[in-house]
Amino acid sequence: MLRIAVPNKGSLSETAVEMLAEAGYAGRRDPRALTVADPRNGVEFFYLRPRDIATYVGSGALDVGITGRDLLLDSGSEAVEIQPLEFGDSTFRFAAVPGTVHELADLEGRRIATSYPGLVGAFLAERGVTAQLIRLDGAVESAVRLGVADAVADVVSTGSTLRAQGLEIVGPVILESTAVLISAKPELLGTATLQRRLQGVLVARQYVLIDYDLPRELLSLAQAVTPGLESPTVSPLADPDWVAVRAMVPRHETNHVMDALYDIGARAILVTPIHAARI
Ligand SMILES: Nc1ncnc2c1ncn2[C@@H]1O[C@H](COP(=O)(O)OP(=O)(O)OP(=O)(O)O)[C@@H](O)[C@H]1O
Ligand SMILES: O=P(O)(O)OC[C@H]1O[C@H](OP(=O)(O)OP(=O)(O)O)[C@H](O)[C@@H]1O
Ligand SMILES: [Mg+2]
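Since we're looking at a predicted model, the values are computed, not measured.

Peer 1: Could you give me a rundown of the overall build of the chain, with the residues and numbers involved?
Peer 2: Scanning the chain from terminus to terminus reveals nine helices and 15 strands. For 279 residues, the compact-globule estimate of 2.2 N^0.38 gives 19 Å, and the chain exceeds it by more than 25% at 24 Å. Taking the principal axes of its C-alpha atoms as reference, the chain extends roughly 80 × 50 × 35 Å. Split into buried and exposed, the 279 residues of the chain put 35% on the buried side. In the chain, the share of contacts with a sequence separation of at least 24, taken over all contacts with a separation of at least 6, comes to 66%.

Here is the structure:
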């Protein structure tokens, strides 16, 4: 049984659980359950705090896990990132009251509040900056106004939490984070299947199938617009001068592609979602 750690709360939890369901795995019937066995798929799920997942996976107690890149690096765990999962994107930044900090060097000797002291400490040490890290559990943006820190280092998504506390982003990007699959033993039996299934979910989310009919003589023009992954499927129609074409297209390009195909001379252009994929 492959033992898989899944975030039980927080920003990453809902999408992680959805992705696993789309990948055909069993989920929790009881939302408070801490474990779910899925013998048919040869896996067992452990629902854990996202911050703890890298620790469990790094120690070998669990085989793979879903967590944030920032949380992985902060933990100092032995686990490594084996696949980005294309959700839970965030940036990790310093912030301070406008006019007080202009560049990284201005943080020298200052107090920086953060829930990610491992990540921030390593970043500062690599750049030769010595600061006092104030470790807080959350709502770190309040720390400056309340006088326990001179700056903060935290997850930024829209930036509205920072602004509401009278702070602005300062200094370099500490990290671009995203949800990732992590493991300390990626060669373990079953990990590759999990990865392929999750990749299938990503492909199904990113691509659609496009079908259209086309005068045969225009095929090379249309093929340039819809090259597909390998190459498009081209099938004969009853009318020997026409062909039917099928290809995968990035979802966000769908309408541009349909316009371009129509202009070339394609007709009966149909788009359908991909339910599941194994590439
Ligand atoms: N808007 C966001 N706020 C916080 N974390 C986010 C956000 N968007 C993505 N993330 C990612 O989610 C992970 C943090 O999740 P975690 O569950 O620890 O904190 P949380 O979502 O703030 O939940 P809570 O603070 O309620 O426990 C990090 O990897 C972080 O980069
Ligand atoms: O840039 P924004 O879109 O405002 O989002 C970022 C904020 O959201 C998170 O806080 P959360 O609500 O999880 O509270 P916490 O600080 O207690 O973790 C994060 O820690 C930032 O404070
Ligand atoms: Mg939070």
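The structure having been displayed, the exposition proceeds.
Peer 1: Tell me about the UniProt feature "domain: Histidine biosynthesis HisG C-terminal" (unreviewed entry) in the chain, residues and numbers included.
Peer 2: Feature annotation in UniProt places "domain: Histidine biosynthesis HisG C-terminal" (unreviewed entry) on residues 204-275, given in this structure's numbering. Helix makes up 29% of residues 204-275 and strand 40%, with an end-to-end C-alpha separation of 6 Å.

Peer 1: Report on the site of ligand 2, specifying residues and quantitative values.
Peer 2: In the region of ligand 2, the neighbouring residues are Gly138, Ala139, Glu141, Asp154, Val155, Val156, Ser157, Thr158, Gly159, Ser160 and Thr161. Mapped by element, the contributors of at least two residues to the shell around ligand 2 are strand E9 (151-156) and helix H6 (160-164). By residue number, the principal contributor to the shell around ligand 2 is E9, which donates three residues. Of the residues assigned to the shell around ligand 2, the class counts are three nonpolar, six polar and two charged.

Peer 1: An account of the confidence of the model for the chain is requested, with residue identities and associated values reported.
Peer 2: Confidence in the prediction for the chain averages 97 pLDDT; 100% of positions are at 70 or higher. Scoring of the predicted complex yields 0.90 for pTM and 0.96 for ipTM.

Peer 1: Tell me what's going on with the site of ligand 1, and back it up with residues and numbers.
Peer 2: Around ligand 1 sit 15 residues in total, of which Gly10, Ser11, Gly68, Ser90 and Ser157 are the nearest. Elements with a minimum of two residues in the shell around ligand 1: helix H2 (50-58) and helix H3 (69-75). Of the residues in the shell around ligand 1, the class split is four nonpolar, eight polar and three charged. Formed jointly, the shell around ligand 1 draws a minimum of three residues from each of two domains, domain 1 (2-86 + 178-189) and domain 2 (90-177).

Peer 1: Requested: an account of the nonpolar core, with residues and values cited.
Peer 2: Grouped together as the largest cluster of nonpolar side chains are 59 residues, with contacts concentrated most on Ala5, Val6, Val57, Ile112, Ala151 and Val152. Each of domain 1 (2-86 + 178-189) and domain 2 (90-177) contributes no fewer than three residues to this core. Beyond its immediate stretch of four places on either side in the chain, Ala151 contacts Phe94, Ala95, Ala96, Val101, Leu107, Arg110, Ile112 and Val144. With 14 residues, the next largest nonpolar core counts Tyr212, Ala222, Ala247 and Val257 among its residues.

Peer 1: Go over the sheet that holds strand E6 (residues 90-96) with me, naming the residues and quoting the values.
Peer 2: Strands pair in a sheet through their backbones, by hydrogen bonds, and they do so in one of two ways: parallel or antiparallel. Across the sheet, five strands lie side by side as E8-E7-E9-E6-E10; this open sheet has mixed pairing. The open sheet has two free edges, formed respectively by strand E8 (132-135) and strand E10 (168-177), since each of these has just one partner strand. In this sheet, neighbouring strand axes are inclined to one another by 25° on average, regardless of whether the strands run parallel or antiparallel. Where strand E7 (residues 111-114) meets E8, four bridges bridge the pair, whose relative direction is parallel. Paired with Ile112 across the strands is Leu133, a residue of E8.

Basis of the calculations
- Residues numbered from 1 in each chain as written.
- Chains lettered and ligands numbered in written order.
- Predicted model: local features only at pLDDT ≥ 70, side-chain atom pairs only at ≥ 80, totals over all residues.
- Helix = DSSP H or I, 4+ residues; strand = E, 2+ residues; numbered from the N terminus.
- Rg over C-alpha atoms; globule rule 2.2 N^0.38 Å.
- Buried ≥ 20, exposed ≤ 12 C-beta atoms within 10 Å, placed from the backbone.
- Contact = placed C-beta atoms within 7 Å.
- UniProt positions renumbered as here; feature names shortened; annotations may be inferred.
- Near = placed C-beta within 6 Å.
- Nonpolar A, V, L, I, M, F, W, Y, C, P; charged D, E, K, R; others polar.
- pLDDT = per-residue confidence, 0-100.
- Domains from an automatic or database assignment.
- Core = buried A, V, L, I, M, F, W, Y, C linked by C-beta atoms within 7 Å.
- Pairing = 2+ DSSP bridges.
- Axes fitted to C-alpha atoms, helices over the stretch in contact; angles between N-to-C directions.

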